[in-house]
Number of protein chains: 2
Amino acid sequence: MIDRWLNVRSLLSEEKLAQIYKYVDIDTYKKVHPATVVEHAQSTERWINIPSPLLESYKMIGRLTPLQRAYRLEKALSTNNKIFLKREDALSNGSFKINSALPQAYYGKLEGKSKVITETGAGQTGVAAALAACLYDLECDVYMVRNSFKLKKLRRLMMEMYGAKVIASPSEFTKSGKSFLSKGEVNGSIALATSEVMEEILSSNDCFNIAGSLLDFVLTYNTIIGLEVIKQLDSQHIEPDIVIGCVGAGSSFGGFSLPLIDHYKDRIERVICTESSSIPTLSKGKYCYDYADGEGEGDRYLMYSLGYSFTPPPMHASGLRYHAASPIISHFVNQGTIEVQAYEETSALASAIELAREEGLIISPESSYTIHAIKKICEQCNNKNIVAIVTGNGQLDLESYSEHL
Amino acid sequence: MIDRWLNVRSLLSEEKLAQIYKYVDIDTYKKVHPATVVEHAQSTERWINIPSPLLESYKMIGRLTPLQRAYRLEKALSTNNKIFLKREDALSNGSFKINSALPQAYYGKLEGKSKVITETGAGQTGVAAALAACLYDLECDVYMVRNSFKLKKLRRLMMEMYGAKVIASPSEFTKSGKSFLSKGEVNGSIALATSEVMEEILSSNDCFNIAGSLLDFVLTYNTIIGLEVIKQLDSQHIEPDIVIGCVGAGSSFGGFSLPLIDHYKDRIERVICTESSSIPTLSKGKYCYDYADGEGEGDRYLMYSLGYSFTPPPMHASGLRYHAASPIISHFVNQGTIEVQAYEETSALASAIELAREEGLIISPESSYTIHAIKKICEQCNNKNIVAIVTGNGQLDLESYSEHL
């Protein structure tokens, strides 16, 4: 079993890191995250050991996840490329989000904190936080965007199964929530939910936040995915030529692709990240200093962004609805190591349905873009080893596919 | 990997088999099932080899499934018993039903059939049939009880993801369906759906049925579960003292427990099957010849039954809503090898919620009865190895838990 993370920060020079994080105030981190997490957020050590109780938790929630050779998909595409799918959908909670939620909960508990407070949109981050909290006997409050609270009932019930208290945001529990409500804000947004969470955490001593994406340490905790892939490929004496995954803010893609980029430097020909053409952050955004939040209130990072005030259109792959991309992923895109492909929802979802019928996998709408990219790649090249990530299970997102069935 | 099934019929004497199946006409089987399946339905050979393409399919859908030590549950129950959970919920389709659907689809395809036609209630059997059919490039029509067709939309979508045509039963497509509709039957039932399926199959040459439970061969195909458990326990040098699972018609329980009963004859102290106290087939039913269907039209088997005309009350664990229990399981209950425990829904669901919070598993309502039995057993004994089966994933059944959250 993999017993250390690759610190994604160690892949960049000190100068580059200084440039990217020029406007970041680490004191903000200290107020909301456990001290060890803040340490990892600043570290440039190459490896970070995974403590053994955490290894047990990783095992419990379903690691190591399968690396599935998609024989039937290969046959259906009449390709002689080999397609390998890293199956993060097989985790208990249904997505990769638990990889980074667990260590945050673990360190919080170790440091004597008693409660997780976190925000969630469609619910994947909230589900992971709720599971991580219950496995470390922490209380958990999840502020869930009110619109999703109504529409994504099963994800809400899942958080409640894990013992979390799920609150529709804006709520009556915080000053900011009350203020939003008084302005007639009924649907909520991830930015509003974040404001409520921050207010709660900053007014307490023993609460902390579980971050779901974007930040370096979230990518680092997700490198367990890519490190497992290396081991799994090694055991089959296979090396990857092409690496593919989808990017929302980039934490699953970073955790998956960066260890591969690092390990197979001279071998890999193409590293492709996919995104939605309705939210073309990496293909059409600017590489600039911008806010991670939607209000322009937090820190600014050097990253690709459509502008913090960009309002992502509604779409089924809600995990891709974000205006910017992780600074580390942005760096590698800017540098040319990672290429970007944007696709339309309709073709992506159709490719996921094709996958279901070939491989028996019901995947999340986010990963449908990845499957579509695999299909496109197979039209272009031969005899390659293609390794791609399925970031989540789509059983609770089946409605997304209904109009295409 | 396990490469053969244990034929559950070989565990009974020829005399006993003759007695149980006195009124069964094998010609009925021949009309609806592939020839190899009918052969297995009559065989008394101890082992049946699993053909290698089928082994590949088993691997593809997630076998071998984990045998998870429930450390946190043990701690929460303050017990020194060891609890092991066989995780059939981890399969791609979300339940054990695929174990028997795959071989039926495989043999059907091999014998030149082109289409599966099957009935389903809440959808688990239909989902498994749809997946098995698509993995062997067969068409698939599923007659789904009209009431579930409306209420269980996600399971219906899942079947459609796998390419199946899902038809609300009673339907306009069959004579019997039309006749039921004309009588004002709007909700449907599994018996009505079965009538439609039989009509369709008997009027064609290349269609066949995928049976979901009850029949000997369905139990036999599920023995891969118990055989895996033996291997998994062996590798930890552990032998089971107590074996627990839930019984609807008994196919998962048979496939899980019978290989263990056979292999650990002198070791196992108790084999417990759980059922709902609202449908107390094994605890209060009669051991008699009765019809497997709800209309009194098919074959009669010697088994425990509440009477074929018994109408199971509505309940969340729809997989347990059946008036009878598999003849083989009934035999071992009658003989005293298997004991029966009936529990109420409320306590069972509460135990499943406890499991979610301890082990991070969202299980099907059917298996909640098993978890409740584990809790009860832990109040009674010490230092035992308890091995239990989780038959399915509960993500699409989360509504069942909502009133208890």
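So, how was this worked out
Residues numbered from 1 in each chain as written. Chains lettered and ligands numbered in written order. Predicted model: local features only at pLDDT ≥ 70, side-chain atom pairs only at ≥ 80, totals over all residues. Heavy atoms only, no water. Contact = heavy atoms within 4.5 Å. Buried area = accessible area lost by both parts, 1.4 Å probe. Salt bridge = Lys/Arg side-chain N within 4 Å of Asp/Glu carboxyl O. Pairing = 2+ DSSP bridges. Helix = DSSP H or I, 4+ residues; strand = E, 2+ residues; numbered from the N terminus. Axes fitted to C-alpha atoms, helices over the stretch in contact; angles between N-to-C directions. Phe/Tyr/Trp six-rings, centres within 6.5 Å; stacked < 30°, edge-to-face > 60°. Buried < 20%, exposed > 50% of the residue type's maximum accessible area, 1.4 Å probe, protein only. Least-squares fit on C-alpha atoms with pLDDT ≥ 70 in both. 1 Å grid on protein atoms, 1.4 Å probe; cavity = no way out; pocket = protein on both sides within 12 Å on 5 of 7 lines; lining within 4 Å. Points joined across faces, edges and corners; volume = space filled by probe spheres on them. Nonpolar A, V, L, I, M, F, W, Y, C, P; charged D, E, K, R; others polar. Domains from an automatic or database assignment.

## Quick word on the interface of chain A and chain B
If you look at the interface, chain A gives 34 residues, while chain B gives 34 residues. Contact between chain A and chain B buries roughly 3,200 Å² in total, counting both sides, with carbon and sulfur atoms accounting for 62%. Per-residue buried area on chain A facing chain B is highest for A:Met60, A:Met161 and A:Gln395; these three make up 22% of the total on that side. Joining chain A to chain B, the criterion identifies four salt bridges. Across the pair A:Asp137 and B:Arg72 runs a salt bridge whose closest N-O atoms are separated by 3.3 Å.

## Structural notes on the sheet that holds strand β13 (residues 339–343) of chain A
Residues and elements named next belong to chain A. Taken together, six strands build an open sheet; the order of strands is β3-β4-β14-β9-β10-β13 and the sheet is mixed. Pairing within the sheet leaves two strands with one partner each, and these edge strands are β3 (67–69) and β13. Taking the axes of each pair of neighbouring strands and ignoring which way they run, one obtains an average angle of 25° across the sheet. As paired strands, β3 and strand β4 (residues 82–87) are joined by three bridges and run antiparallel to one another. Considered in β4, the bridge of Gln-68 is made with Leu-85. Of the strands in this sheet, β4, β9 (242–246), β10 (270–276), β13 and β14 (385–390) touch helix α17 (residues 365–380), which is tilted by about 150° from β9.

## Details of the packing of aromatic side chains
Between two aromatic rings, the relevant description is the distance of the centres plus the angle of the planes. Residue and element names in this part refer to chain B. Evaluated as defined, the whole model comprises 16 aromatic pairs over all chains. Seen in terms of ring centroids, Tyr-106 and Tyr-107 are 5.2 Å apart; in terms of plane orientation they differ by 70°. Their pairing is edge-to-face. Residue Tyr-107 is classed as buried on the basis of its relative accessible area of 5%. Between Tyr-287 and Tyr-304, the ring centres sit 5.0 Å apart and the planes meet at 35°, which makes this aromatic pair tilted. Taken together, the residues Tyr-287 in strand β11 (residues 286–291) and Tyr-304 in strand β12 (residues 300–305) connect sequence positions 17 residues apart. Assessed through its relative accessible area of 22%, Tyr-287 is described here as partly exposed. The buried category is assigned to Tyr-304, whose relative accessible area is 11%.

## Comments concerning the relation of the copies chain A and chain B
The operation relating chain A to chain B is a screw motion whose rotation component is 180°, with 0.0 Å of axial translation and a residual RMSD of 0.0 Å. Here the copies are linked by what is in effect a two-fold axis. A share of 100% of interface residues in chain A that are also interface residues in chain B marks the association as one of identical surfaces.

## Looking at empty space enclosed by the protein
Space left empty within the atom packing is revealed by a probe, the size of a water molecule, rolled over the atoms. Using the criterion set out here, one finds three cavities of 30 Å³ or more in the structure. Of the voids in this model, the largest cavity is the one considered here, and its volume is about 50 Å³. Looking at the largest cavity, the residues that line it are A:Gln395, B:Asn93, B:Gly94, B:Gln124, B:Val127, B:Arg155, B:Met158, B:Asn393, B:Gln395 and B:Leu396. Here the residues of the lining of the largest cavity are counted per class, giving three nonpolar, six polar and one charged. When residues of the lining of the largest cavity are sorted by domain, at least three fall in each of domain 1 (35–42 + 96–208) and domain 2 (53–95 + 215–402) of chain B. Estimates place the volume of the second largest cavity at around 40 Å³. As for the second largest cavity, its lining consists of A:Asn93, A:Gly94, A:Gln124, A:Arg155, A:Met158, A:Asn393, A:Leu396 and B:Gln395. For the lining of the second largest cavity, the class distribution of residues is two nonpolar, five polar and one charged. The residue makeup of the lining of the second largest cavity includes at least three contributed by each of domain 1 (35–42 + 96–208) and domain 2 (53–95 + 215–402) of chain A.

## What about unusual backbone geometry?
Note: most residues except glycine have negative phi, and most peptide bonds are trans. Residue A:Leu64 is bonded to the preceding A:Arg63 through a cis peptide linkage, with omega at 0°. Relative to the helices and strands, A:Leu64 is located in the loop between α4 (52–60) and β3. The residue A:Asp137 is not glycine, and still its phi comes out positive at about 50°. Note that A:Asp137 resides in the loop between α7 (124–135) and β6 (139–145). Notably, B:Leu214 is not glycine yet its phi reads approximately 70°, a positive angle. By the element assignment, B:Leu214 lies in the loop between β8 (207–208) and α12 (216–235).

## Quick notes on the environment of A:Leu355
All names here are of chain A. Its place among the elements puts Leu-355 in helix α16 (residues 345–359). Each C-alpha atom, one on Leu-355 and one on Lys-31, is 44 Å from the other, the two residues being 324 residues apart in sequence. Setting aside residues no more than four positions away along its own chain, Leu-355 makes contact with Leu-73, Leu-85, Gly-360, Leu-361, Ile-363 and Ile-371.

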